[in-house]
Amino acid sequence: MSLEQDSSPPPSFSRDWFFPSPSFIHQSPPKTNKYRRRFSTTPRISHHRPFDSNFPKTSSFALPASSSTSTSTSTSYRDAKYARLRRQRVEFPRRSDNSSKQEQDDAAISGERASFCERTAGFSGHRIRARWRMAISAAIVIISLASLVHKNFTLHNQVIDLQNQNSKLNFRLRACNLSSQVDNLESISLEIDDQHANGLKRLALVFSLTLLSIPVLIYKYVDFVSKSKSSDNVSEEASLNKQIEYWVDVFLSVHPYAKPLALLVATLLLICLGGLALFGVTDDGLADCLWLSWTYVADSGNHANSEGIGPRLVSVSISFGGMLIFAMMLGLVSDAISEKFDSLRKGRSEVVEQNHTLILGWSDKLGSLLNQLAIANESLGGGIVVVMAERDKEEMEIDIAKMEFDFKGTKVICRSGSPLILADLKKVSVSKARAIIVLAEDGNADQSDARALRTVLSLTGVKEGLRGHIVVELSDLDNEVLVKLVGGDLVETVVAHDVIGRLMIQCARQPGLAQIWEDILGFENCEFYIKRWPKLDGMQFEDVLISFPDAIPCGVKVASCGGKIILNPDDSYTLQEGDEVLVIAEDDDTYAPSTLPMVNEASFIRIARPARKPQKILLCGWRRDVDDMIVVLDAFLAPGSELWMFNDVPENEREKKLIDGGLDVSRLANISLVNREGNAVIRRHLESLPLESFDSVDFFVMAGVQILILADESVEDSAIQADSRSLATLLLIRDIQAKRLPYREAMVTQGHRGNFSQGSWIGEMQQASDKSVIISEILDPRTKNLLSMSKISDYVLSNELVSMALAMVAEDQQINDVLEELFAEEGNEMHIRPADLYLREGEELSFFEILLRARQRREIIIGYRTANAERAVINPPAKSERRRWSLGDVFVVIAEKE
């Protein structure tokens, strides 16, 4: 290998290039081989060839002519040196393990040594010059190397300084590059964000416009499909748009909160779509655009600050939609408030009351019933009365406001509803009412009672139960058993027609008794009360009678007999523990027992009771329960009495109706029926009757003749028509009686009553009323006022009396047993007795003394009426004070039926 072929790269400027490691130049030969040792000494000789002209020279080892050396010359020398060393090492043959090869190598080496010695001998002359030259060259080389080393160190330091400066500059450059890159990245990111935001804004704008156009497209598509189906299909099928309208209608009708929910969804959609549209046309963020959209919806004037065509168009659209939304919202709120007020006005709200009186139904008796309940609650400062009927609440309130009486602190609450619906019953707090009154409807009696029966069934079906009792007004006595069977002990019945019929019969027998019943049944004066007084236990009833200075005991509720009420018991009856006393008092808190007063026993006056005489009674009109009245009259009247029946029912149908009502005419023992057919409002029909002979001289011995004018069945549905017919009949009868009276008798009769003169037609009728008694069934209170002013009839106000009975039973359920006995054919009843049965003319007695005298006849005196008074006094005050009595006075007593 030659030096020219050495292509290794030049060494770098480092200290290792000038001072190569010894291991790299002189490698130690292995010590285990002679050849290696010998060879290690020979290379120095073989390499130093004689410098003669015949020796080949290479450019690498030639010395320059000048004495100056350079870095390139030293570098070439070192390269030639290292190249010769590398060539020496490469040319060394490897030792072979075979002995033959080793011998060949030794022979070759010895030959080379011999040839080398021969050549060195020829060059001995030139060796000295070569050594000088080499010494000078070495010195020059050493000096050059020293200068080079110094320069190397200097350059190395400079390189280090430059490297430090370079590193600093690189650091600054990198910092500048990073900042510029960051700025570039920021600008690039901003550009990307701007592009992305612009894309989002365009997408939001397109999305909002698409959502707005979808309903229009759907509507057009539905309309197109509907028209195509209608044109293709001839059959009558609902179009698609009608079906969608129907579904929407059903959804809004079924779900109560559908309208507010739809309005809320529409508002949110408007805000979202408006926000997206604003996001697409402005530079604001999505959240700011949504808030701005809400401000436009809430206040349409906020869009005035918008700038640009796009934002202005979008803001105006949102504001317009907001106006529509708020208009619908105001309409919805207004409708909700109106519906709430309408429900309150129409009586659809729930009554949150307890211990109130509940009235179910509406009839002409309602006014009188409310008046009695108001009077009953006056001592409590007023009460609560709830009326529920199938009428409009406003109409009920207007009708109640027209009633001419003072409610005395009682509040009347009206509600619209049906008593047959449990939800409506719960609406009026039926389970918390202390009393429930079911009024009979005007009209057919069977239908009215059937409805009352269904109402009782609804009341018994209330899950919460009933706190109070039920008072049911019935129209027909035959339906009473069925209603009590359904209601049980909770139900008390008042049969209106039966009560009125019995009252009319009692008043016909004893004129003036109607006023007594009004005082006792109503709450304006005195009424029945039942209360327990433990301090009276062990006292006989005779002493109990005079133990109450402000009340009159009438009976005892016996605890040992299951709470049975005994009217007018024996004097020897002793009150036991648990017994209650039935009294007539002004109010339940106005009486109490006191110590027994000192009462003188009066002697018994024996007066024979006159025998009953036959009577004639005229019934004008036809009632559906006339058969029951005939049975009661047959029990009260003396044998040989006659009952004239004058009505427009054909005679051949009367007997059939009476038989259908359960009356067997052949079994009547005391009366006989006389039938006359005619119209009671036609004068010529009435003139066919012997009305001039119907007079009564002494009604206390029941020797006269009476006329009963009934509310005809044909017009009983209307109180005004029934009263008009009854009033016309009354006036015609009185006029005919007045015309048939003898002139002298009419002149002698003191007919000046009230403010009417004798010559007036009302005065003539008043004179005729002195000779006979006419009982009229009156339904309307306005007719009552007219008859009260004219005083031409001893009337019975049926509606008012029934209302009084209903109110009394509603206040106390036990009172119904007392009324039933007083109205029945057997047992005790009220009578009007003359004073000569208990005292003598001008005798001075206290009320307690007369009361004890009446006990000798097994009677209880509850009041009296003096000879010059028009009304009786029930439960008189100052019972222990003596006063002078007259035989013209009369007493009201409770006694057994005669």
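Residues numbered from 1 in each chain as written. Predicted model: local features only at pLDDT ≥ 70, side-chain atom pairs only at ≥ 80, totals over all residues. Heavy atoms only, no water.

K.L.:
Is there a simple way to explain the overall build of the protein chain in this structure?
P.N.:
Check the secondary structure of the protein chain and you find 29 helices and 22 strands. Scored against the burial criterion, the 898 residues of the protein chain give a buried share of 42%. Long-range pairs, those at least 24 residues apart, make up 75% of the contacts in the protein chain with a sequence separation of at least 6. Carbon and sulfur atoms make up 56% of the accessible area of the protein chain, which amounts to about 49400 Å² in all. (Helix = DSSP H or I, 4+ residues; strand = E, 2+ residues; numbered from the N terminus. Buried < 20%, exposed > 50% of the residue type's maximum accessible area, 1.4 Å probe, protein only. Contact = heavy atoms within 4.5 Å. Areas by Shrake-Rupley, 256 points an atom, 1.4 Å probe, with all protein chains shown as cover.)

K.L.:
Teacher, can you tell me more about helix α29 (residues 847–855) here?
P.N.:
An α-helix turns once every 3.6 residues. As a result, residues three or four positions apart point the same way. In terms of burial, α29 is largely enclosed, as nine of its nine residues are buried. Among all positions of α29, only Phe847, Phe848, Glu849, Ile850, Leu851, Leu852, Arg853, Ala854 and Arg855 are buried. Looking at the buried side of α29, the elements it contacts are α19 (541–544), β8 (552–558), β18 (844–846), β19 (860–865), β21 (882–884) and β22 (890–896).

K.L.:
Looking at this structure, I do not really get the sheet that holds β8. What am I missing?
P.N.:
In any sheet, the strands associate via hydrogen bonds between backbone groups, in a parallel or an antiparallel arrangement. Here four strands make up an open sheet; going across it, the order is β7-β10-β8-β9 and the pairing antiparallel. Two strands close off the open sheet at either side, each with one partner strand: β7 (527–531) and β9 (564–567). The mean angle between the axes of side-by-side strands here comes to 30°, regardless of whether they run parallel or antiparallel. Where β8 lies against strand β10 (residues 580–585), five bridges are found, and the strand directions are antiparallel. The residue of β10 that forms the bridge with lysine 557 is glutamate 580. (Pairing = 2+ DSSP bridges. Axes fitted to C-alpha atoms, helices over the stretch in contact; angles between N-to-C directions.)

K.L.:
Just to check I follow, could you spell out the pairing of β22 for this structure?
P.N.:
In regular strands, side chains alternate between the two faces of the sheet. For β22, a buried count of six out of seven residues is recorded, marking the element as mostly surrounded by other parts of the structure. As paired elements, strand β17 (residues 828–834) and β22 share seven bridges and run antiparallel to each other. From the neighbouring strand, glutamate 829 faces β22, where its bridge partner is alanine 895. Pairing of β19 with β22 involves five bridges; the strand directions are antiparallel. In the sheet register, isoleucine 861 faces β22, and the bridge partner there is valine 893.

K.L.:
Where do I start with the packing of helix α17 (residues 496–509) against helix α27 (residues 798–811) in this structure?
P.N.:
Helices that pack against each other are described as a pair by the angle of their axes relative to one another and the distance between those axes. Where α17 meets α27, the axes come as close as 10 Å, and the angle between the chain directions of the two elements is 115°. Classified by the angle between their axes, α17 and α27 sit roughly perpendicular to one another. Where α17 crosses over α27, the handedness of that crossing is right-handed. Along its contact with α17, which presents Ala496, Ile500 and Leu503, the element α27 presents Ser798, Leu801 and Val802. Of the residues assigned to the contact of α17 with α27, the class counts are five nonpolar, one polar and no charged. (Parallel < 35°, antiparallel > 145°, perpendicular 65-115°, else oblique. Left-handed = near helix turned anticlockwise from the far one by under 90°. Nonpolar A, V, L, I, M, F, W, Y, C, P; charged D, E, K, R; others polar.)

K.L.:
Explain the nonpolar core to me, please; I cannot follow it from the model alone.
P.N.:
Counting residues in each nonpolar core, the largest one holds 124 residues, and the members touching the most others are Ile359, Leu370, Phe528, Ile862 and Phe891. Those residues in contact with phenylalanine 528, other than ones at most four positions away along the chain, are Ile520, Cys554, Leu582, Val583, Ile584, Met808, Ile815, Val818 and Leu822. Within the second largest apolar cluster, 25 residues are counted, among which are Ala433, Ile436, Leu453 and Val462. (Core = buried A, V, L, I, M, F, W, Y, C linked by side-chain atoms within 4.5 Å.)

K.L.:
Would you explain the side chain of histidine 497 in this entry?
P.N.:
In this fold, histidine 497 is placed in helix α17. Residue contacts for histidine 497: discarding those within four places in its chain leaves Ser475, Arg623, Arg624, Asp625 and Glu716.

K.L.:
What exactly am I supposed to notice about the environment of leucine 536 here?
P.N.:
Inspection of the secondary structure assignment puts leucine 536 in the loop between β7 and α19. Along the backbone, leucine 536 and proline 593 are 57 residues apart, and their C-alpha atoms lie at a distance of 8.1 Å. Contact partners of leucine 536, with chain neighbours within four places excluded, come to Val544, Phe548, Leu575, Val581 and Pro593.

K.L.:
Whenever I open this one, the pairing of β9 confuses me. Can you help?
P.N.:
Here β9 shows one buried face, formed by Ile565 and Leu567, and one open face, formed by Lys564 and Ile566. Looking at chain direction, β8 and β9 are connected through four bridges and run antiparallel. Among the inter-strand pairings, valine 556 is bridged to a residue of β9, identified as isoleucine 566. Two successive antiparallel strands, β8 and β9, enclose a turn made up of five residues, where glycine 562 displays a positive phi of approximately 75°.

K.L.:
Looking at this model, I keep getting lost on a negative patch on the surface. Mind explaining?
P.N.:
A surface patch of like charges, here negative, comprises Asp648, Glu651, Glu653 and Glu677. Along the chain, glutamate 677 turns up in strand β13 (residues 671–677). (Patch = residues over 30% accessible without salt bridge, like charges linked within 9 Å, V, L, I, M, F, W, Y side chains within 5 Å. Salt bridge = Lys/Arg side-chain N within 4 Å of Asp/Glu carboxyl O. Lys, Arg positive; Asp, Glu negative; His and termini not counted. Charge placed at Lys NZ, Arg CZ, Asp CG, Glu CD.)

K.L.:
When you look at helix α28 (residues 815–823) in this model, what are you seeing that I'm missing?
P.N.:
Those residues of α28 that fall on the buried side of the exposure criterion are Ile815, Asn816, Val818, Leu819, Leu822 and Phe823. Burial along α28 is one-sided: seen end-on, the buried residues are contained in an arc of 155°. (Arc of directions from axis to C-beta.)

K.L.:
How should unusual backbone geometry be read in this particular structure?
P.N.:
Backbone phi values are negative for most residues with the exception of glycine, while trans is the configuration of most peptide bonds. For asparagine 355, which is not glycine, the phi torsion reads 60° and is therefore positive. The topology assignment puts asparagine 355 in the loop between α11 (309–345) and β1 (357–360). Relative accessible area serves as the criterion here: at 45%, asparagine 355 is assigned to the partly exposed category. Its identity as a non-glycine residue notwithstanding, asparagine 568 has a phi of 50°, on the positive side.

K.L.:
Honestly, the environment of glutamate 394 in this entry has me stumped. Any pointers?
P.N.:
Along the chain, glutamate 394 falls in helix α13 (residues 393–401). For glutamate 394, a relative accessible area of 28% gives the class partly exposed.

K.L.:
Would you explain the sheet that holds β17 in this entry?
P.N.:
Read across the sheet, four strands follow the order β17-β22-β19-β20 without closing on themselves; strand pairing throughout is antiparallel. Each end of this open sheet is capped by a strand with a single partner; those strands are β17 and β20 (873–874).

K.L.:
Explanation requested: the confidence of the model for the protein chain in the structure shown.
P.N.:
The predicted coordinates ought not to be read in detail in places where the model reports low pLDDT. Counting all residues, the mean pLDDT for the protein chain is 76, and 73% of those residues have values of 70 or more. Note on residues 1–98: pLDDT under 50 across the span, and 73 contacts to partners over four residues away in sequence or across chains. Across residues 697–705 the pLDDT falls below 50, and counting only partners more than four positions away or on other chains, this stretch makes 23 contacts in the model. (pLDDT = per-residue confidence, 0-100.)

K.L.:
Would you mind going over the pattern of salt bridges with me for this structure?
P.N.:
Two side chains that carry opposite charge are able to pair once their charged atoms sit near each other. Enumeration according to the criterion identifies 27 salt bridges in this entry. Its salt-bridge partner being aspartate 570, residue arginine 858 comes within 2.8 Å of it at the nearest N-O pair. Of the two residues, arginine 858 is situated in the loop between α29 and β19 and aspartate 570 in the loop between β9 and β10; the sequence distance between them amounts to 288 residues. On the basis of relative accessibility, which here comes to 31%, the residue arginine 858 falls in the partly exposed class. On the basis of relative accessible area, aspartate 570 is assigned to the partly exposed category, the value being 40%. The salt bridge partner of arginine 683 is aspartate 735, with a shortest N-O separation of 2.7 Å. Taken together, the residues arginine 683 in helix α22 (residues 683–687) and aspartate 735 in helix α23 (residues 719–740) connect sequence positions 52 residues apart. Because the salt bridges share partners, they merge into one network encompassing Arg683, Glu687, Asp735 and Lys739.

K.L.:
Please explain the packing of helix α18 (residues 513–521) against α27 as it appears in this structure.
P.N.:
Interhelical geometry of α18 versus α27 gives an angle of 30° and a closest axis separation of 9 Å. On the basis of their axis angle, the class for α18 and α27 is roughly parallel. Remark: the crossing between α18 and α27 carries left-handed chirality. Between α18 and α27, the contacting residues are Trp517, Glu518, Ile520 and Leu521 on the first element and Leu801, Met804 and Met808 on the second. Of the residues belonging to the contact of α18 with α27, the class tally is six nonpolar, no polar and one charged.

K.L.:
For this particular structure, what's the right way to read the packing of aromatic side chains?
P.N.:
Aromatic rings in a pair are described by how distant their centres are and how their planes are angled relative to each other. The full count for this structure, using the stated rule, is 10 aromatic pairs. Ring centres of tryptophan 517 and phenylalanine 823 lie 4.8 Å apart, and the angle between their planes is 45°; on these two criteria the pair is classed as tilted. Highlighted residues: tryptophan 517 in helix α18 and phenylalanine 823 in helix α28, separated in sequence by 306 residues. Residue classification places tryptophan 517 among the buried residues on the basis of a relative accessible area of 0%. An angle of 90° between the planes, with centres 5.0 Å apart, marks the rings of tyrosine 864 and tryptophan 885 as edge-to-face. Of this pair, tyrosine 864 sits in strand β19 while tryptophan 885 sits in the loop between β21 and β22; the two residues are 21 residues apart in sequence, bridging distant segments of the chain. Residue classification places tryptophan 885 among the buried residues on the basis of a relative accessible area of 2%. The ring of tyrosine 591 has lysine 531 sitting right over it, with the charged end atom 5.3 Å from the ring centre. The ring of tryptophan 885 has arginine 883 lying over it, and the distance from NZ or CZ to the ring centre is 4.3 Å. (Phe/Tyr/Trp six-rings, centres within 6.5 Å; stacked < 30°, edge-to-face > 60°. Lys NZ or Arg CZ within 6 Å of the ring centre and 35° of its normal.)

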